[in-house]
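Each chain is listed here by its residues.
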Amino acid sequence: MSALDPSSYTATQEALARCRRYRKEHGLYGVVDSTLGRIMLEVGAVGAVTMPAELGRRVRDQLTARQRRGPVIAHPRSGRWTFLTGPSDDSYLDMALFSDLFRDCASVAQPGSTIVLPSPTDEHNAYRTWIHPPERDFRPELSEVLAAVRECHPGAAGSSTSGVSASEPV
C-alpha cells in the first residue's frame, strides 16, 4: 500500500478511533503506527505475559475461577495468547521464574518493550484478536498471572494435563 492509498488512510483512521477508545475506556495509552495501522502499547504501566494458546486456556480458566480474568489477546497465526496485567515489575529478573516460563514457552514483556493491541485491520486479517476484551481499566496483577502460569504447568499438582501423565516428556 502506498501512502496515498485510500484503504491505508481508512485503516489508519479506524486504528486512531480504536486507540482513542482504548485510552478513554480502558486506560490503555497506545499510539498508532500509521504505516501499518497497528496500535502499539509500551510495557510499563501495563504488563504482559505471552504463552502458547493451550497454556493460555488453562491460565484463563484459573483466573476466571478467581474472578481475576483480564484482557487477553490471541495471535491465531502463531498460536499464542498475551495476557495484559497491571504494571510490570522486575519479575523478569527472577531466574527461577524465567526457567519456569522458558520451560512453558512463555515470557514476560520487559518494561520499555512494545506490544501490539488488536486493531480493526488485525481483526479483519485474523492476525490479532481479543479472547477477552478489556473491561473498563481492570487488569490482574502481574504476580497473579504468573502464579496461574506456574499452577497450570502440565506437571504441576492439580493442573489439567489433557491426558499427558507427569512422567511423560512434554
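Residues numbered from 1 in each chain as written. Predicted model: local features only at pLDDT ≥ 70, side-chain atom pairs only at ≥ 80, totals over all residues. Heavy atoms only, no water.

Student: I tried to follow unusual backbone geometry on my own but got confused; where do I start?
Tutor: Note on backbone geometry: most residues besides glycine have negative phi, and most peptide bonds are trans. In the Ramachandran plot, cysteine 105 falls in the positive-phi region, its phi being about 60° despite a non-glycine side chain. Checked against the element boundaries, cysteine 105 lands in the loop between α3 (95-103) and β6 (107-108). A positive phi angle, near 50°, is found at arginine 136, a position not held by glycine. Along the polypeptide, arginine 136 turns up in the loop between β8 (129-132) and α5 (142-151). The exposure class of arginine 136 is exposed, given its relative accessible area of 63%. (Helix = DSSP H or I, 4+ residues; strand = E, 2+ residues; numbered from the N terminus. Buried < 20%, exposed > 50% of the residue type's maximum accessible area, 1.4 Å probe, protein only.)

Student: Whenever I open this one, α5 confuses me. Can you help?
Tutor: One turn of the α-helix equals 3.6 residues, which is why residues spaced by three or four share an orientation. For α5, the complete set of buried residues consists of Leu142, Val145, Leu146, Ala148 and Val149. The buried residues of α5 occupy an angular sector of 160° when the element is viewed end-on, so they sit on one face. On its buried side, α5 packs onto β3 (47-52), α2 (53-65), β5 (80-85), α3 and β6. (Arc of directions from axis to C-beta. Contact = heavy atoms within 4.5 Å.)

Student: Looking at this model, I keep getting lost on the nonpolar core. Mind explaining?
Tutor: Generally speaking, nonpolar side chains in soluble globular proteins are found buried as a group. Residues Val49, Met51, Val59, Phe83 and Val149 are the most contacted members of the largest nonpolar core, which totals 20 residues. Counting only elements with at least two residues in this core, the list comes to β3, α2, β4 (72-75), β5, α3 and α5. Among the elements that make up this core, the one with the highest residue count is α5 (five residues). Not counting chain neighbours up to four residues away, the residues in contact with methionine 51 comprise Gly56, Val59, Gly79, Arg80, Trp81, Phe83, Cys105, Ala106 and Val149. Among the nonpolar cores identified, the runner-up in size contains 16 residues, and Ala15, Tyr22, Leu28 and Leu117 belong to it. (Core = buried A, V, L, I, M, F, W, Y, C linked by side-chain atoms within 4.5 Å.)

Student: Where do I start with the pattern of salt bridges in this structure?
Tutor: Pairing of side chains with opposite charge becomes possible as their charged atoms draw close. For the coordinates displayed, the defined rule picks out 10 salt bridges. The partner of glutamate 54 in a salt bridge is arginine 57, and the shortest N-O contact between them spans 3.7 Å. Taken together, the positions of glutamate 54 and arginine 57, both in helix α2 and three residues apart, correspond to about one turn of that helix. On the basis of relative accessible area, glutamate 54 is assigned to the partly exposed category, the value being 40%. In this structure, the salt-bridge partner of arginine 103 is aspartate 100, at a minimum N-O distance of 3.3 Å. Of the two residues, arginine 103 and aspartate 100 both sit in helix α3, three residues apart, roughly one turn of that helix. Classification of arginine 103 as partly exposed rests on a relative accessible area of 42%. In this structure, a network of salt bridges that share partners links the residues Asp100, Arg103, Asp104 and Arg150. (Salt bridge = Lys/Arg side-chain N within 4 Å of Asp/Glu carboxyl O.)

Interpretation note: all reported values are geometric properties and have no functional meaning in isolation.
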